[in-house]
There are 2 protein chains.
Amino acid sequence: MTIRTSDKIAEGLEAAFAAEGFAAPGVDALRDAAGVSLRTLYRHYPSREAMVVGALDHRHRSYLAWLQRGMPEGPGAGPVLHVFRRLRPWMAERAPNGCLFVNALAEHPDSNAIREAVKRQKAETRALFADCLRRAWPDIGDEDCRRLGDALFVVHEGQTAATVTCGCAEAGVAALTLAESLLRAENIE
Amino acid sequence: MTIRTSDKIAEGLEAAFAAEGFAAPGVDALRDAAGVSLRTLYRHYPSREAMVVGALDHRHRSYLAWLQRGMPEGPGAGPVLHVFRRLRPWMAERAPNGCLFVNALAEHPDSNAIREAVKRQKAETRALFADCLRRAWPDIGDEDCRRLGDALFVVHEGQTAATVTCGCAEAGVAALTLAESLLRAENIE
DNA sequence: TGCAAGGTAAAGCGATCGTTCTACATGAGA
DNA sequence: TCTCATGTAGAACGATCGCTTTACCTTGCA
């Protein structure tokens with residue numbers, strides 16, 4: 001049952017880091033959150049840094065699954081807008097202190113393992129927008145896809161960050177406004 | 001010379017937190033960055049938390065001054081776009097690890113003093129966009145001003161966050177694209 | 001039956017943390 | 001000339017940190 005134990009631990013670690021940040025919880029608190037002994041915790045994640053990476057990887061899978069739920073099938077602006085609509089309750093329920101990846105990098109700017117985990121997640125988020133755009137606009141050029149994808153990614157990061165400092169509702173509405181005006185300018189409805 | 005000493009210390013603290021994050025530098029490292037003795041440091045900032053708040057307040061003044069440099073006088077989209085153009089070199093030169101305020105809050109989610117300092121700065125940044133909009137579009141309504149100001153604030157936060165994970169150039173171009181398409185949709189040129 | 005794998009609880013390691021304190025230097029005003 | 005505010009350098013405090021280790025318990029299978 002090694003795999004399931006490791007997943008259960010990662011789930012607890014993710015919850016602890018999301019709730020308390022990366023600085024506050026000591027390894028003892030992480031052990032409590034994971035619901036295992038210290039020895040077992042260190043068997044699966046041999047350092048605190050590894051615990052952070054494990055939590056981030058679990059978080060990434062969890063977020064992608066969250067976004068996929070209810071994702072529209074067809075072409076059009078639907079899939080892109082769906083992402084921003086799903087992001088709002090995600091922030092409210094799962095990320096009261098902001099993006100876990102941004103926060104992890106802020107706390108560990110010198111850790112390569114953590115930097116790589118963050119870059120991996122952000123690259124996949126950008127790829128997700130590229131996929132949505134290609135579905136929305138099947139004959140989109142590479143250049144347009146990159147340009148619009150980058151812009152949508154910036155909106156995504158902005159909604160995430162602004163939620164913490166100015167509230168879920170305002171940030172969510174603003175992000176949707178931006179995405180819609182951007183797509184409308186490209187004649188995607 | 002109390003005031004100038006305190007400012008000089010804050011400048012050093014800001015630089016240290018920006019370069020190393022909020023977790024890594026111990027008080028000894030902060031003392032070195034401030035260029036004073038431990039006793040003097042604690043006289044002006046009686047706790048590490050106070051040092052963080054002092055650094056954030058100094059950062060805020062520094063950022064506003066940075067944005068004002070070269071700010072266009074007249075009406076139109078100029079002032080708004082100027083902010084995003086100035087943000088790009090600011091990130092490159094002064095914030096290699098992301099927004100100092102977001103990072104501070106990430107590291108100290110339970111500190112009221114730090115949370116207040118962050119909210120203060122974010123509220124003034126939103127107010128700055130409202131000012132720019134009123135200059136761009138003198139007869140703008142309160143509702144439009146709030147809506148567009150929120151959207152611009154989201155772009156601002158997004159450019160800041162995306163710079164760290166996908167690079168200054170891409171984030172800067174994307175933010176300008178967003179701001180322009182938003183303003184163009186409102187017939188502000 | 002026996003033993004290896006993987007679990008629990010908890011004591012203890014050295015290092016480092018934020019903070020305070022001692023001892024002394026300097027420069028301006030009474 | 002004396003004093004006080006403000007500066008310096010650095011030792012030392014107790015607490016807490018990440019991590020290791022010891023000792024013991026449970027389970028599944030040869």
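Residues numbered from 1 in each chain as written. Chains lettered and ligands numbered in written order. Predicted model: local features only at pLDDT ≥ 70, side-chain atom pairs only at ≥ 80, totals over all residues.

K.L.:
Give a detailed account of the overall build of chain A, specifying residues and quantitative values.
P.N.:
From N to C terminus, chain A includes 9 helices and 0 strands. Listing every helix and strand of chain A by position from the N terminus yields α-α-α-α-α-α-α-α-α. The C-alpha radius of gyration of chain A comes to 18 Å, within 12% of the 16 Å expected for a compact globule of 189 residues. Projecting the C-alpha coordinates of chain A onto the three principal axes gives extents of approximately 55 × 35 × 30 Å. (Helix = DSSP H or I, 4+ residues; strand = E, 2+ residues; numbered from the N terminus. Rg over C-alpha atoms; globule rule 2.2 N^0.38 Å.)

K.L.:
With reference to specific residues and values, describe the protein's contact with DNA strand C.
P.N.:
Surrounding DNA strand C, one finds 15 residues, the nearest of these being A:Ser37, A:Thr40, B:Gly26, B:Ser47 and B:Arg48. Those elements giving two or more residues to the surface near DNA strand C turn out to be helix 1 (2-20) and helix 3 (38-44) of chain A together with helix 3 (38-44) of chain B. The class makeup of the residues in the surface near DNA strand C is 5 nonpolar, 6 polar and 4 charged. (Near = placed C-beta within 6 Å. Nonpolar A, V, L, I, M, F, W, Y, C, P; charged D, E, K, R; others polar.)

K.L.:
I'd like a description of the interface of chain B and chain A, backed by residues and values.
P.N.:
Counting residues at the interface gives 38 residues for chain B and 38 residues for chain A. For the side of chain B that touches chain A, the secondary-structure elements that each account for two or more residues are helix 6 (100-107), helix 7 (112-136), helix 8 (142-166) and helix 9 (168-185) of chain B. Residue contributions to the side of chain B that touches chain A peak at 14 residues, all from helix 8 of chain B. Here the side of chain B that touches chain A is composed, by residue class, of 20 nonpolar, 9 polar and 9 charged. (Contact = placed C-beta atoms within 7 Å.)

K.L.:
I'd like to hear about the protein's contact with DNA strand D, residue by residue, with values.
P.N.:
In the vicinity of DNA strand D there are 16 residues, among which A:Gly26, A:Arg48, B:Thr5, B:Ser37 and B:Thr40 approach most closely. Of all elements in the fold, only helix 3 of chain A together with helix 1 (2-20) and helix 3 of chain B reach the threshold of two or more residues within the surface near DNA strand D. In the surface near DNA strand D, the residues fall into 6 nonpolar, 6 polar and 4 charged.

K.L.:
Which residues make up the confidence of the model for chain A, and what values go with them?
P.N.:
For chain A, per-residue confidence averages 93 on the pLDDT scale, and 98% of positions sit at 70 or higher. Within chain A, the element-level pLDDT minimum falls on helix 1 of chain A, averaging 89, and the maximum on helix 6 (residues 100-107) of chain A, averaging 97. (pLDDT = per-residue confidence, 0-100.)

K.L.:
Lay out the packing of helix 5 (residues 78-94) of chain A against helix 9 (residues 168-185) of chain A with the relevant residues and their values.
P.N.:
Residues and elements named next belong to chain A. Taken N-terminus to C-terminus, the directions of helix 5 and helix 9 make an angle of 170 degrees; their axes are 10 Å apart at the nearest point. Taken as axis vectors, helix 5 and helix 9 run roughly antiparallel relative to one another. Touching Val80, Leu81, Phe84, Arg88, Met91 and Ala92 of helix 5 are Cys168, Gly172, Ala175, Leu176, Ala179 and Leu183, all from helix 9. Tallied by class, residues from the contact of helix 5 with helix 9 come to 10 nonpolar, 1 polar and 1 charged. (Axes fitted to C-alpha atoms, helices over the stretch in contact; angles between N-to-C directions. Parallel < 35°, antiparallel > 145°, perpendicular 65-115°, else oblique.)

K.L.:
Before we move on, could you go through the relation of the copies chain B and chain A and cite the residues and values that matter?
P.N.:
Once chain B has been moved 0.0 Å along the axis and rotated by 180 degrees, it coincides with chain A to within an RMSD of 0.1 Å. Viewed as a symmetry operation, the transformation between the two copies matches a two-fold axis. Closest to the rotation axis within chain B is the C-alpha of B:Gly158, separated from it by 1.7 Å. Comparing contact sets, 100% of the residues at the interface of chain B also lie at the interface in chain A, consistent with an isologous, same-surface contact. (Least-squares fit on C-alpha atoms with pLDDT ≥ 70 in both.)

K.L.:
Describe the packing of helix 9 of chain A against helix 8 of chain B, with residues and values.
P.N.:
Orientation of helix 9 of chain A relative to helix 8 of chain B, taken along the N-to-C sense of each, is 85 degrees, at an axis distance of 8 Å. By the criterion of interaxial angle, the relationship of helix 9 of chain A to helix 8 of chain B is roughly perpendicular. For the pair helix 9 of chain A and helix 8 of chain B, the contacting residues are A:Glu170, A:Ala171, A:Ala174, A:Ala175, A:Thr177 and A:Leu178 in the first and B:Arg147, B:Asp150, B:Ala151, B:Val154 and B:Val155 in the second. Counted by class, the contact of helix 9 of chain A with helix 8 of chain B contains 7 nonpolar, 1 polar and 3 charged residues.

K.L.:
Tell me about the environment of A:Val164, and please be specific about residues and values.
P.N.:
Positionally, A:Val164 belongs in helix 8 (residues 142-166). On the basis of neighbour counts, which here come to 26 C-beta atoms within 10 Å, the residue A:Val164 falls in the buried class. As for A:Val164 and A:Gly98, which are separated by 66 residues in sequence, their C-alpha atoms are 5.8 Å apart. In contact with A:Val164, other than residues within four places in its own chain, are A:Asn97, A:Gly98 and B:Leu105. (Buried ≥ 20, exposed ≤ 12 C-beta atoms within 10 Å, placed from the backbone.)

K.L.:
Can you explain helix 2 (residues 27-34) of chain A? Please cite residues and give values.
P.N.:
Residues and elements named next belong to chain A. Listed as buried for helix 2 are Leu30, Arg31, Ala33 and Ala34. Down the axis of helix 2, the buried side of the element spans an arc of 165 degrees, and every buried residue falls inside it. The outward face of helix 2, more than 90 degrees from its buried face, is lined by the exposed residues Asp28 and Ala29. Gly35 lies just past helix 2 and shows a positive phi near 75 degrees. (Arc of directions from axis to C-beta.)

K.L.:
Give me helix 8 of chain B: which residues, what numbers.
P.N.:
Between its first and last C-alpha, helix 8 of chain B extends 35 Å over 25 residues, near the 36 Å set by a 1.5 Å rise per residue. Once helix 8 of chain B finishes, B:Gly167 follows within two positions and takes phi at roughly 100 degrees, a positive value. (Expected span 1.5 Å × (residues − 1).)

K.L.:
Tell me about the environment of B:Ala117, and name the residues and values.
P.N.:
Relative to the helices and strands, B:Ala117 is located in helix 7. With 105 residues separating them in the primary sequence, B:Ala117 and B:Gly12 have C-alpha atoms 18 Å apart.

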